[in-house]
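Topology and contacts: notes
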Amino acid sequence: MPGRLFGTNGIRGVVNVEIDTALVLKVAASAGTLFAPGPVLLGSDVRLSSPAFKEAAAAGLMAAGCEVIDIGLTPTPAIQFLTTNMRAKGGIVITASHNPPHYNGVKVIDSDGIELSEEKERQVEEMVFGGSWAKPPWEGWRSLRQDANALDSYVEGVVAHLDPDAIANRRLTVVVDAGNSVGALATPRILERCGCRVISLNCQLDGTFPSRQPEPVPSALAELCEAVKAYGADFGVAHDGDADRAIFVDDVGVAHWGDRTFCLIAQDFLSDHPGSTIVTPVSSTRAIQDIASKHGAKIIWTRVGSVVVSHTMKRLNAPLGGEENGGIFYSPHLPVRDGAMASAMIANLLAKTGKKLSQLLEELPHRFMLKDKVRSPQPVPLTALEKLVDKEVERVERIDGLKLWLKDGSWVLIRRSGTEPAYRIFLESPSPERADELIRKYKSALSRIVAN
Ligand code: MG
């Protein structure tokens, strides 16, 4: 087989270089072979290439004998919810999620609302490479129709898990930064349904992403931090390009990594449901472990990647999952990450506790995380990375890449990115100074390793 198409989260690449309409058509026809006769839901984010890619996907699905329902511009989690809600056989979203505007991609959703399992990804790849997708005769072709109102059911589906009156009583002001993409279509509506005053920031849909990069890392959210302060808002939330991730800014204008807010949600959930199982990748804060231990809960550490978290949650019937990049998974809704659901859960938490977000975060165990990356077109063997193990290391873990637990309570994780030609470094320390010192040490050591 000529290699793999699917990365950690769907198929992605630079438009017309690594991924074009011809490839999208083949992927859709192959996925359609698994889903025929459908119906299959189809939607996209706002990228300039998305309309053509969506047409190609529709053609591929129909060519494989599927009925297609086009729901238009949509957050990924909305199409995931609607796939189960409308009892569709599957879904396809045209999006490159957090990647820059010159990228696009395909996420394939199974009938349970979760992205395809690795086994089914392999089946799709095999059909794409072998040209062996289903090719029904003329009478096997089905229709294409639009459903422009499908998002209404998604909005109601999220609100159904909340207490809108209790949230409304707290009279929250929230700034929503959609980064010019599809988060603008759902999160403001959901928060408004709960009586929040919503300030929309970067909610004009624009596939050139003029306001900020689509990846909502705290350092890219200066405008949101300023807006939260200027409006005296209770919190701000920023989504990535397909709005499955949510990064929060507290009431004093500080942006936090997703695993900090995940800790708050987990703490609240576990106080009502002690002893539950929580699923999170090895890149998450050690604080989640402390919180889980306090509530007799079990932490399952996984490889990095939302699809792995979702499938692990489903297998173990785990109610809650979270990621440091801003993914919150809430199984009573769906075990997939959902930026709008996460936003509503934070609003719910503020209403329930009566506290400010900055205060709740301040009460968490103090840890400082830094992330960086080192570009490297080719992967290096794990044995080369093991050169990073020195006398400061207490324990080595290999669930995903190399995780080094240091004697002073810090940890560092080095893993190959699933979406970019780079190594990602995640580092957490008990003090910011130590975190700074360590990230410099590991970044330069890793740069030397990949240069050899
Ligand atoms: Mg995303």
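Residues numbered from 1 in each chain as written. Predicted model: local features only at pLDDT ≥ 70, side-chain atom pairs only at ≥ 80, totals over all residues. Heavy atoms only, no water.

The number of helices and strands found in the protein is 15 helices and 21 strands. The principal-axis extent of the C-alpha atoms belonging to the protein is close to 65 × 60 × 45 Å. Within the span of the protein, comprising 452 residues, buried residues form 60% of the whole. Considering only intrachain contacts with a sequence separation of at least 6, the fraction spanning at least 24 residues in the protein is 70%. Taking the 50 positively charged and 54 negatively charged side chains of the protein as two groups, their mean positions are separated by 4 Å. (Helix = DSSP H or I, 4+ residues; strand = E, 2+ residues; numbered from the N terminus. Buried < 20%, exposed > 50% of the residue type's maximum accessible area, 1.4 Å probe, protein only. Contact = heavy atoms within 4.5 Å. Lys, Arg positive; Asp, Glu negative; His and termini not counted. Charge placed at Lys NZ, Arg CZ, Asp CG, Glu CD.)

One pass over the structure, following the stated rule, counts zero disulfides. Just so you know, Cys 196 is unpaired, no disulfide at all, and the nearest cysteine sulfur is the one on Cys 194, 6.0 Å from it. Free of any disulfide, Cys 225 has its nearest cysteine sulfur in Cys 203, 16 Å distant. The class for Cys 225 is buried, based on a relative accessible area of 11%. (Disulfide = S-S within 2.5 Å.)

Inspection of the secondary structure puts Ala 64 in the loop between α2 (50-63) and β3 (68-73). Separated by 32 residues in the primary sequence, Ala 64 and Gly 32 have C-alpha atoms spaced 5.5 Å apart. Setting aside chain neighbours within four positions, we find Ala 64 in contact with Ala 29, Gly 32, Thr 33, Ala 36, Ala 134 and Pro 136.

We now examine the packing of aromatic side chains. Under the definition given, this model contains four aromatic pairs. With centroids separated by 6.5 Å and ring planes inclined at 50 degrees, the aromatic side chains of Trp 405 and Trp 411 adopt a geometry described as tilted. Each member of the pair, Trp 405 as well as Trp 411, is classed as buried. The ring of Trp 257 has Lys 371 sitting right over it, with the charged end atom 3.1 Å from the ring centre. (Phe/Tyr/Trp six-rings, centres within 6.5 Å; stacked < 30°, edge-to-face > 60°. Lys NZ or Arg CZ within 6 Å of the ring centre and 35° of its normal.)

Next up on the list: the sheet that holds strand β4 (residues 90-94). With mixed pairing, six strands are arranged side by side in an open sheet as β1-β5-β4-β2-β3-β6. Each of the sheet's edge strands pairs with one partner strand only, and the pair in question is β1 (11-14) and β6 (144-146). Going from strand to strand, the sheet's axes swing by 20 degrees on average, the running direction of each strand aside. As defined by bridge partners, strand β2 (residues 40-44) adjoins β3 across five bridges and the pair is classed as parallel. Across the sheet, residue Leu 41 finds its bridge partner in β3, namely Ile 69. Strands β1, β2, β4 and β5 (103-110) of the sheet are contacted by helix α1 (residues 21-35), whose axis makes an angle of about 5 degrees with β5. (Pairing = 2+ DSSP bridges. Axes fitted to C-alpha atoms, helices over the stretch in contact; angles between N-to-C directions.)

With 61 residues, the main nonpolar core has Tyr 154, Ile 190, Phe 235 and Leu 320 as its most contacted residues. Ignoring any residue separated from it by four or fewer positions in sequence, one finds Phe 235 in contact with Thr 173, Val 174, Val 175, Val 228, Phe 248, Val 249, Ser 343, Ile 346, Ala 347, Leu 350 and Leu 357. Val 24, Ala 58, Leu 61 and Cys 66 belong to the second largest nonpolar core, which has 27 residues in total. (Core = buried A, V, L, I, M, F, W, Y, C linked by side-chain atoms within 4.5 Å.)

Around the magnesium ion, the protein contributes the donor atoms Ser 97 (OG), Asp 240 (OD), Asp 242 (OD) and Asp 244 (OD), at 2.0 to 2.1 Å from the metal centre. Counting the intervening residues between successive donors of the magnesium ion yields the motif S-x142-D-x1-D-x1-D. Taken together, the residues span a long stretch of sequence, with Ser 97 in the loop between β4 and β5 and Asp 240 in the loop between β9 (235-239) and β10 (246-249) at a distance of 143 residues. Residue class for Ser 97 comes out buried when judged on its relative accessible area of 1%. (Donors = N, O, S within 2.8 Å, 3.2 Å for Na, K, Ca; no water.)

Here we take up the sheet that holds strand β13 (residues 298-302). Sheet architecture is open: five strands sit in the order β13-β12-β14-β15-β16, paired in mixed fashion. Edge positions in the sheet fall to β13 and β16 (334-337), since each of these pairs with one other strand and no more. Neighbour-to-neighbour, the strand axes of this sheet turn through a mean angle of 15 degrees, independent of strand direction. Judged from the five bridges that link them, strand β12 (residues 277-281) and β13 form a sheet pairing that is parallel. By the bridge assignment for β13, Val 279 is matched with Ile 300. Running over the sheet, helix α9 (residues 258-272) touches β12, β14 (320-322) and β15 (328-330) and is turned about 165 degrees from β14. The strands that helix α11 (residues 306-316) touches are β12, β13, β14, β15 and β16; relative to β13, the one it contacts most, it runs at about 140 degrees.

With five of its five residues buried, β4 lies for the most part within the structure. Side chains Gly 90, Ile 92 and Ile 94 project from β4 onto one buried face, and the interleaved Gly 91 and Val 93 project onto a second face that is buried too. Across five bridges, the pairing between β2 and β4 is parallel. Looking at the pairing, Leu 41 lines up with Gly 91 of β4. Taken together, the five bridges between β4 and β5 define a ladder with antiparallel strand orientation. Residue pairing in the sheet places Ile 92 in a bridge with Val 108 of β5.

In this structure, Pro 37 follows Ala 36 across a cis peptide bond, with omega equal to 5 degrees. Among the secondary structure elements, Pro 37 is positioned in the loop between α1 and β2. At the junction of Gly 38 and Pro 39, the peptide bond is cis and its omega measures out at 5 degrees in the coordinates. By the secondary structure assignment, Pro 39 is in the loop between α1 and β2. Backbone geometry at Arg 171 places phi at a positive 50 degrees, although glycine is not the residue there. Relative to the helices and strands, Arg 171 is located in the loop between α6 (164-169) and β7 (173-177). For Phe 209, which is not a glycine, the phi torsion comes out positive at approximately 45 degrees. Note on placement: Phe 209 falls in the loop between β8 (197-201) and α8 (222-231).

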